[in-house]
Amino acid sequence: MIPPFDYFEHRAACKRKQNERAQRIATLPRPYLYPLSSDERNILEEDIGNLVQDVHKGGKSAVDILRAYGKAAIKAQEKTNCLTEIMLKEAEGWIDRGEINLKGPLAGLPVSLKDSIGVAGFDSSVGYSRWTGKPAPVDGAIVRMLKDAGAVPFVKTALPITLLSFESFNDVWGRCLNPHNAKYTAGGSSGGEGALLAFGGSRIGVGSDVAGSVRAPAHYSGCYSIRCSTGRWPKLGVSTSTSGQEGIPSVFSPMTRTLMDLSYFTRSFIQMEPWKYDPSVHPIAWRTQVYTGYKEKKSLKVGIMRTDEVVDPAPACARALDMAAQALKAEGHEVFDVTPPNPYEALVIASNLLVADGTQTFRGPFRTGESDDAGAKEFGRYMRLPRFIKWFYWAYVKYIKRDDIWAGLLEHWHPKSAAENWQWVTKREAYKARWHEWWNTFGNKGDGLDFILTPPNATPAVPHDGMKDAAAACGYTFMFNLLDYSVGVVPVTHVDSKEDMLSPSVKINKMNGVAKGAYKHYDAIKMAGLPVAVQVVGRRLEEEKVIACMERLEDALDAKGQKYELLKVPEV
């Protein structure tokens, strides 16, 4: 149906999918309707390595584990609206028919999946109503790998329409809520995973990241993630709003409830040799010697990047960073401040590459009346303005308001020709080379830093629709997508209404346009209790090292009695 009459198709599709989800929950097998038993609660609290061994030995059944996590996931859905496709009945069938390899390294472990990951028989709509009612004919590479490893895909999770936001909202599924405070977002674009894992409705999930989309939800909701470098994880069989975009490739990566889960899952998954499932994956086996080397290294060399020079971190995020730095110092590690090559330049290059098509691709599937993400709507609207109007606005920002930061982001904000896009790729490669040389300047042998510690974002979670103002404040994560570095997120603390108050000396109206948008929503009293994390940054394809260093950091925090406290799984 052609616009504007496709509006009626849009509303019908949204209603159909929401009714379908409600019906799937209402008609679950009877065991899902009972409260959690003491045995099921023990399952939720048991280390995943022990659960796998129990399944291998026959001490626990995969169905019993699935039902325990299924109950917790449905409770998380009630509180946060974090689920899209409910696959519990089908998952029991996969187990019964032997489609799950219960001898594998992830035997019996339920795994949640971002909505965009293809599972045979289920939609991967990415929140577009036009893409509903089109179930995948076969499992994608990630799902085939998981089943071969013994894992049980059991739910799919919320994301924003377009995938280009640190919030998770669309008309098809509604709005995902932060499990700590329903007035705030759980993050995006893998926000449903963040909410579900932090709530305790899953232990292992898979998301994707093009500008911080597994790291922002981990920071906002309070769980763990690692942004893997391109070529380490498969991506065949997924849906995306920016098909063909390779200036800043999206990567699929793990998210988990605990750091132990992240280490176990990432290692086990890579040991399944993903390059046999997807030709884009590098044939790099799990390097135990690298992981062990950094677990045992006596003194680590840690650079603290305190600001991206665009938006200084708010008090809560600065405090979390300082807690992490002090904990590492107390363990005898060499910790010092660093100033890397211009982070602002990375934001300019990355933002121009990501939407070089002028937002045409991700706007294409929209139907009449379909809601856009608050942030994507703003930058898309500006992108589509006539060039002469944008020039006058850019001149106003630069020469009248004298905001060079905001003006620099606006200057090239228009669709790129192929030749222009190549020029921006050239800038990207030159920037990556500068970082490589800078990193190597540390140390007598040119071995460089062990890792960088920095905030994942300038603020904790924003209130709903906060991306309208804060969408451009993504430099702390986006920079490392440009560099293609391996980056983990470790939750450290929670916002404190007294300690994290903004100083009266801070004048928001004097900030640049990017910082002003981020700080508009910072309020330590309203945000009290929200999680705050740090990023552990390694270089490209250094997942083993990054996970080992994340563990060293968490051990250091634990030694000071400051290990992050997870949300307790509520009574179900």
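Residues numbered from 1 in each chain as written. Predicted model: local features only at pLDDT ≥ 70, side-chain atom pairs only at ≥ 80, totals over all residues. Heavy atoms only, no water.

- Naming follows an unreviewed UniProt entry, where the protein appears as amidase of Hortaea werneckii EXF-2000.
- Within the UniProt record for the protein, the comment given under Sequence similarities (unreviewed entry) is "Belongs to the amidase family."
- Per UniProt, the comment on the protein under Catalytic activity (unreviewed entry) is "a monocarboxylic acid amide + H2O = a monocarboxylate + NH4(+)". (UniProt positions renumbered as here; feature names shortened; annotations may be inferred.)

Notes on the pairing of strand β12 (residues 487–494)
Part 1: The buried fraction of β12 amounts to 7 of the 8 residues, a majority that puts the element mostly inside the structure.
Part 2: As judged from the 3 bridges shared by strand β7 (residues 224–227) and β12, these two strands associate in the antiparallel manner. Looking at the pairing, Arg227 lines up with Val487 of β12.
Part 3: Of the strand pairs in this sheet, β12 and strand β13 (residues 531–537) are connected by 7 bridges, and their pairing is antiparallel. From the neighbouring strand, Gly488 faces β13, where its bridge partner is Val536. (Buried < 20%, exposed > 50% of the residue type's maximum accessible area, 1.4 Å probe, protein only. Helix = DSSP H or I, 4+ residues; strand = E, 2+ residues; numbered from the N terminus. Pairing = 2+ DSSP bridges.)

Points about the UniProt feature "binding site: substrate" (unreviewed entry) in the protein
Part 1: Here, the residues flagged by UniProt with the feature "binding site: substrate" (unreviewed entry) are Leu163, Ser189, Val210, Ala211, Gly212 and Ser213. Spatial clustering of the annotated residues is evident: they stretch over 51 residues in sequence, but the largest pairwise C-alpha distance comes to 10.9 Å.
Part 2: Exposure remark for Ala211: the relative accessible area of 11% places this residue in the buried category.
Part 3: Beyond its immediate sequence surroundings of up to four residues, Ala211 is in contact with Phe166, Cys474, Thr477, Phe478 and Asn481. (Contact = heavy atoms within 4.5 Å.)

What to know about the domain arrangement of the protein
Part 1: Along its sequence, the protein is organised into domain 1 (4–343 + 445–560) and domain 2 (344–365 + 372–439).
Part 2: A separation of 27 Å is found between the C-alpha centroids of domain 1 and domain 2.
Part 3: At the interface, 49 residues of domain 1 touch 31 residues of domain 2.
Part 4: Across the domain 1 to domain 2 interface the summed buried area is about 3,600 Å²; carbon plus sulfur atoms make up 71%.
Part 5: Linking domain 1 to domain 2 there are 0 salt bridges.
Part 6: Counting every contact that joins domain 1 to domain 2 gives 15 residue pairs in polar contact (both at pLDDT 80 or more).
Part 7: If one sorts the elements of the side of domain 1 that touches domain 2 by residue count, helix α19 (residues 475–483) sits on top with 6 residues. (Domains from an automatic or database assignment. Buried area = accessible area lost by both parts, 1.4 Å probe. Salt bridge = Lys/Arg side-chain N within 4 Å of Asp/Glu carboxyl O. Polar contact = N/O pair within 3.5 Å; in protein donor to acceptor, adjacent residues only side chain to side chain.)

Quick notes on the packing of aromatic side chains
Part 1: Following the criterion strictly, the structure yields 24 aromatic pairs and no others.
Part 2: Plain terms: the ring middles of Trp233 and Phe269 are 4.0 Å apart, the flat faces sit at 15° to each other, and that makes the pair stacked. Placement of Trp233 in the loop between β7 and β8 (251–256) and of Phe269 in helix α9 (residues 259–270) is noted, with a sequence separation of 36 residues between them. Across the pair, exposure class does not vary: Trp233 and Phe269 are buried alike. (Phe/Tyr/Trp six-rings, centres within 6.5 Å; stacked < 30°, edge-to-face > 60°.)

Quick look at the pairing of strand β2 (residues 110–114)
Part 1: With 5 of its 5 residues buried, β2 lies for the most part within the structure.
Part 2: In terms of strand pairing, β2 meets strand β3 (residues 152–157) through 5 bridges, oriented parallel. Its bridge partner being in β3, Leu113 is matched across the sheet by Lys156.
Part 3: Since β2 and β3 lie parallel, the crossover through helix α6 (residues 141–149) that links them has a hand, and here it is right-handed.
Part 4: Two strands pair when backbone bridges link them, and β2 and strand β6 (residues 204–209) are joined in this way by 3 bridges, in the parallel orientation. Across the sheet, residue Val111 finds its bridge partner in β6, namely Ile204. (Right-handed = clockwise from strand over helix to strand, strands pointing away.)

Details of the UniProt feature "active site" (unreviewed entry) in the protein
Part 1: Mapped onto this numbering, the UniProt entry annotates "active site" (unreviewed entry) at Lys114, Ser189 and Ser213. Look at the named residues: they lie 100 residues apart in sequence, but the longest C-alpha span between them is just 10.8 Å, so in the fold they bunch up.
Part 2: A relative accessible area of 0% means that Lys114 is categorised as buried.
Part 3: Once residues within four sequence positions are removed from consideration, Lys114 is found in contact with Lys156, Thr157, Leu159, Leu163, Ser189, Ser190, Glu193, Val206, Gly207, Ser208 and Ser213.
Part 4: A polar atom in the side chain of Lys114 sits 3.0 Å from the side chain of Ser190.
Part 5: Residue classification places Ser189 among the buried positions, given a relative accessible area of 2%.
Part 6: When sequence neighbours within four positions are dropped, the list of residues in contact with Ser189 reads Lys114, Ala158, Leu159, Pro160, Leu163, Ser165, Ser168, Ser208 and Ser213.
Part 7: Polar contacts involving the side chain of Ser189 include one to the side chain of Lys114, which spans 2.5 Å.

Remarks on the nonpolar core
Part 1: Core analysis: the largest hydrophobic core is formed by 172 residues, its most contacted members being Trp435 and Leu453.
Part 2: Considering each element in turn, this core owes the most residues, 10 residues, to helix α4 (residues 62–80).
Part 3: Residue assignment places this core across two domains, with domain 1 (4–343 + 445–560) and domain 2 (344–365 + 372–439) each supplying three or more.
Part 4: Not counting chain neighbours up to four residues away, the residues in contact with Trp435 comprise Pro340, Pro341, Ile452, Met479, Phe480, Leu483 and Tyr485.
Part 5: By size, the runner-up hydrophobic cluster in this structure holds 7 residues, among which are Leu197, Val214, Cys223 and Val489. (Core = buried A, V, L, I, M, F, W, Y, C linked by side-chain atoms within 4.5 Å.)

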